[in-house]
Amino acid sequence: MNQKTEPLDESELIDVEAKRKWVREHFAPEAENQYDDLDQKLRLLDTIIRNKWIESKETVKLQALGITLGDAFVQKLQLEWIAVEDDYGRDPAVRVPNSSIIVFPLTMISKRIERGEDVDIYQ
């Protein structure tokens, strides 16, 4: 399968930011800056998942969690957000800069929750 990678386009950047904002807004307004801290970001993901605040059929919200997971990868591992286009469509992904190592966090959480699996964000 052929893959084409390029920077996120404007509409993708807007969509990613909207998903990020939805998660960030789980902090109190005066504490939304905690999203910038890796540990707080992971704690928030863990809290949302453990408390089952999102149902398995709420795919867009689950994908918002995936964007936050991607942000954690970017922050911890110095990855970069990109768009990947292949035979199945075009999706945001994170990549090790200047490499072909790509991860698709958008659906890492949603696929597991939709299948009824437990998700341990720290694993």
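As a reminder, the structure under discussion sits directly above these lines.
Residues numbered from 1 in each chain as written. Predicted model: local features only at pLDDT ≥ 70, side-chain atom pairs only at ≥ 80, totals over all residues. Heavy atoms only, no water.

(A) Representation of the nonpolar core in the model. The biggest cluster of nonpolar side chains holds 20 residues, and the ones touching the most others in it are Val23, Leu45, Ile49, Leu65 and Ile109. At six residues, the largest contribution of residues to this core is made by helix H2 (residues 38-50). Aside from chain neighbours lying at most four places away, what touches Val23 is Tyr35, Leu44, Ile48, Ala64, Leu65 and Thr68. If you look at the next biggest cluster of nonpolar residues, it comprises eight residues, including Leu8, Ile67, Leu79 and Val94. (Core = buried A, V, L, I, M, F, W, Y, C linked by side-chain atoms within 4.5 Å. Buried < 20%, exposed > 50% of the residue type's maximum accessible area, 1.4 Å probe, protein only. Helix = DSSP H or I, 4+ residues; strand = E, 2+ residues; numbered from the N terminus. Contact = heavy atoms within 4.5 Å.)

(B) Highlighting the packing of aromatic side chains. Tallying each qualifying case throughout the model produces zero aromatic pairs. Cation over ring: Arg24 sits above Tyr35, and NZ or CZ is 5.1 Å from the ring centre. (Phe/Tyr/Trp six-rings, centres within 6.5 Å; stacked < 30°, edge-to-face > 60°. Lys NZ or Arg CZ within 6 Å of the ring centre and 35° of its normal.)

(C) Expanded view of the pairing of strand E2 (residues 80-86). Relative to E2, strand E1 (residues 4-6) is paired through three bridges, and the arrangement is antiparallel. Across the sheet, Lys4 pairs through a bridge with Glu85, a residue of E2. Sheet topology note: the E2/strand E3 (residues 89-95) ladder contains seven bridges and is antiparallel. Bridging across to E3, Asp86 finds its partner in Gly89. Hairpin connection, E2 to E3: the antiparallel pair is bridged by two residues. (Pairing = 2+ DSSP bridges.)

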